[in-house]
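Each chain is listed here by its residues.
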Amino acid sequence: MTKTRKEFSRRNFIYAGGAAVACSLIPAPAMNTLTKAFAPAPADIHFGYASITWNGNDRQAIEDISALGFPGIQLRANAIAEFENNPASLRELLDAHKLKMVALSSGNLDITNPQDTELAAHVAHAQFAKDAGAIYLQVIGARPKGREIVRGDYEKMGKLLTELSKRTADIGVQVGFHNHMDSLGERPEEVDWIFAGTDPRYAKLELDVAHCLQGGGDPVKMMTKYSDRLLFMHIKDVHPMTPPPAPAGSTATPKNYQWVELGRGRVDLPAVFATIEKINYRGWAIVELDGVTDPSLTPKQCAEISKKYLAEKLGYKI
């Protein structure tokens, strides 16, 4: 059912809640059954897949993700240029492939930019996302460059996140704050400091379980702690690796980890999904892999590996 902008006023938006909105958009069977009268609603998961693995080739990503049977997709902001700022054409293409655009990755939310400029850019992305049929906008907290991070930065980020979330609520799109490596929100305590300065009616968490683990956190604890503010999730895996030699003259620290297909890393995915059931999560779980793990594999083949893991090891059929 398509809701009008009036129905998605801030007041109705708050009371609806992100997970309820997500679950109302497409039908899907519950993943377990009630065992007694008046028990909480069972967990209800809709699986999507992120287009990032296709490195900007969104049309091929749409083709492949649809062919694999995933009902949802997350696209990046490059889709705005890819579809010539024509969200209707993107929506038509997604509809033809029976895909729901779950979220648009809007890039960094930066407290060092002029607030009006920063908000305007992300609100424009939210409007494109809405017109293309999406329900969520993803943002990542940019770390201020060239100086030490101070505690006040987290408070500023919380206020900026709240203001952005209020403005996108008027459009009918809810913002998810993505915990992410190398961001102002890498470590679990940083997420806590940011969310301490937010309005809980608006600011919600988009939890990435692999970024959480790599950032020094426990995904199960974080899911439980933020269960009432959990907008949607990234299901991802990560594996330690020996970093490659740094290029001559580079001051960057080489990464000692690699994002991998589900089941090939160190994220305790069975525990993650057990917690999904325990907290009765109802919403989208977006499987993500930043890039192919082997040059001989295609993005679609990598996605098939994760799909197979979900089915054979965890019992979730896509």
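Residues numbered from 1 in each chain as written. Predicted model: local features only at pLDDT ≥ 70, side-chain atom pairs only at ≥ 80, totals over all residues. Heavy atoms only, no water.

With respect to the overall build of the protein
Then comes step 1: Along the protein, the regular secondary structure elements total 12 helices and 10 strands.
Then comes step 2: Relative to its 318 residues, the protein shows a buried fraction of 49%.
Then comes step 3: Summarising the internal contacts of the protein: among those between residues at least 6 apart in sequence, 76% fall at separations of at least 24.
Then comes step 4: Accessible surface for the protein amounts to roughly 14700 Å². Of this, 51% is attributable to carbon and sulfur atoms. (Helix = DSSP H or I, 4+ residues; strand = E, 2+ residues; numbered from the N terminus. Buried < 20%, exposed > 50% of the residue type's maximum accessible area, 1.4 Å probe, protein only. Contact = heavy atoms within 4.5 Å. Areas by Shrake-Rupley, 256 points an atom, 1.4 Å probe, with all protein chains shown as cover.)

Observations regarding helix α12 (residues 299–312)
Then comes step 1: Under the 1.5 Å per step criterion, the end-to-end length of α12 is 20 Å for 14 residues, consistent within 8% with the ideal 20 Å.
Then comes step 2: Where α12 is concerned, the buried positions are Pro299, Cys302, Ala303, Ser306, Tyr309 and Leu310. Seen from one end, α12 has its buried residues packed into an arc of 115 degrees, which puts them on one side.
Then comes step 3: At its buried positions, α12 is contacted by β1 (44–50), α11 (269–278) and β10 (282–287). (Expected span 1.5 Å × (residues − 1). Arc of directions from axis to C-beta.)

Digging into the pattern of salt bridges
Then comes step 1: Within this structure, the stated rule accounts for 13 salt bridges.
Then comes step 2: A salt bridge links Lys236 to Glu288, with the nearest nitrogen and oxygen atoms 3.0 Å apart. One end of the pair, Lys236, is in the loop between β7 (230–235) and β8 (237–240); the other, Glu288, is in the loop between β10 and α12, and 52 residues separate them in sequence. (Salt bridge = Lys/Arg side-chain N within 4 Å of Asp/Glu carboxyl O.)

Concerning the packing of aromatic side chains
Then comes step 1: By the definition in use, this model includes 10 aromatic pairs.
Then comes step 2: Between Tyr136 and Phe232, the aromatic rings sit 4.9 Å apart at their centres with planes inclined by 5 degrees, giving stacked as the arrangement. Within this pair, whereas Tyr136 is found in strand β4 (residues 136–141), its partner Phe232 is found in strand β7, the two being separated by 96 residues in sequence. As far as the burial class goes, Tyr136 and Phe232 line up, both buried.
Then comes step 3: Taken together, a centroid distance of 6.0 Å and an interplanar angle of 75 degrees make the contact between Phe177 and Phe195 edge-to-face. With Phe177 in strand β5 (residues 174–178) and Phe195 in helix α8 (residues 188–196), this pair connects stretches of sequence that are 18 residues apart.
Then comes step 4: The class for Phe177 is buried, based on a relative accessible area of 0%. (Phe/Tyr/Trp six-rings, centres within 6.5 Å; stacked < 30°, edge-to-face > 60°.)

Overview of the packing of helix α7 (residues 151–169) against α8
Then comes step 1: It is the contact of α7 with α8, at a shortest axis distance of 7 Å, that shows an interaxial angle of 55 degrees. It follows that α7 is oblique to α8 by the angle criterion. Of the two possible hands of crossing, α7 and α8 adopt the one that is right-handed. Across the interface between the two elements, Arg151, Tyr154, Met157, Gly158 and Leu161 from α7 touch Glu190, Trp193, Ile194 and Phe195 from α8.
Then comes step 2: The residue makeup of the contact of α7 with α8, split by class, is six nonpolar, one polar and two charged. (Axes fitted to C-alpha atoms, helices over the stretch in contact; angles between N-to-C directions. Parallel < 35°, antiparallel > 145°, perpendicular 65-115°, else oblique. Left-handed = near helix turned anticlockwise from the far one by under 90°. Nonpolar A, V, L, I, M, F, W, Y, C, P; charged D, E, K, R; others polar.)

With respect to the side chain of Ser105
Then comes step 1: Mapped onto the secondary structure, Ser105 falls in strand β3 (residues 100–109).
Then comes step 2: Not counting the four nearest positions on each side in its chain, Ser105 is found in contact with Gln74, Leu75, Arg76, Ala77 and Gln138.

Details of unusual backbone geometry
Peptide bonds are mostly trans, and most non-glycine residues show a negative phi.
Then comes step 1: In this model, Lys98 sits at a positive phi of 55 degrees, which is unusual for a non-glycine residue.
Then comes step 2: With respect to the helices and strands, Lys98 occurs in the loop between α5 (87–96) and β3.
Then comes step 3: Under the relative-accessibility criterion, Lys98 is labelled exposed at 71%.
Then comes step 4: Residues other than glycine seldom take positive phi values, yet Asp182 does so here, at roughly 60 degrees.

Notes on the sheet that holds strand β6 (residues 204–208)
Then comes step 1: What the eight strands build is a closed barrel, ordered β1-β2-β3-β4-β5-β6-β7-β10; its pairing is parallel. Going from strand to strand, the sheet's axes swing by 30 degrees on average, the running direction of each strand aside.
Then comes step 2: As judged from the four bridges shared by β4 and β5, these two strands associate in the parallel manner. What sits directly across from Tyr136, in β5, is Gln174.
Then comes step 3: Packed on one face of the sheet, α11 meets β1 and β7 and runs near 160 degrees to β7. (Pairing = 2+ DSSP bridges.)

Considering the environment of Val175
Then comes step 1: Within the fold, Val175 resides in strand β5.
Then comes step 2: The exposure class of Val175 is buried, given its relative accessible area of 0%.
Then comes step 3: Taking the C-alpha atoms as reference points, Val175 and Leu137, 38 residues apart in sequence, are found 4.8 Å from one another.

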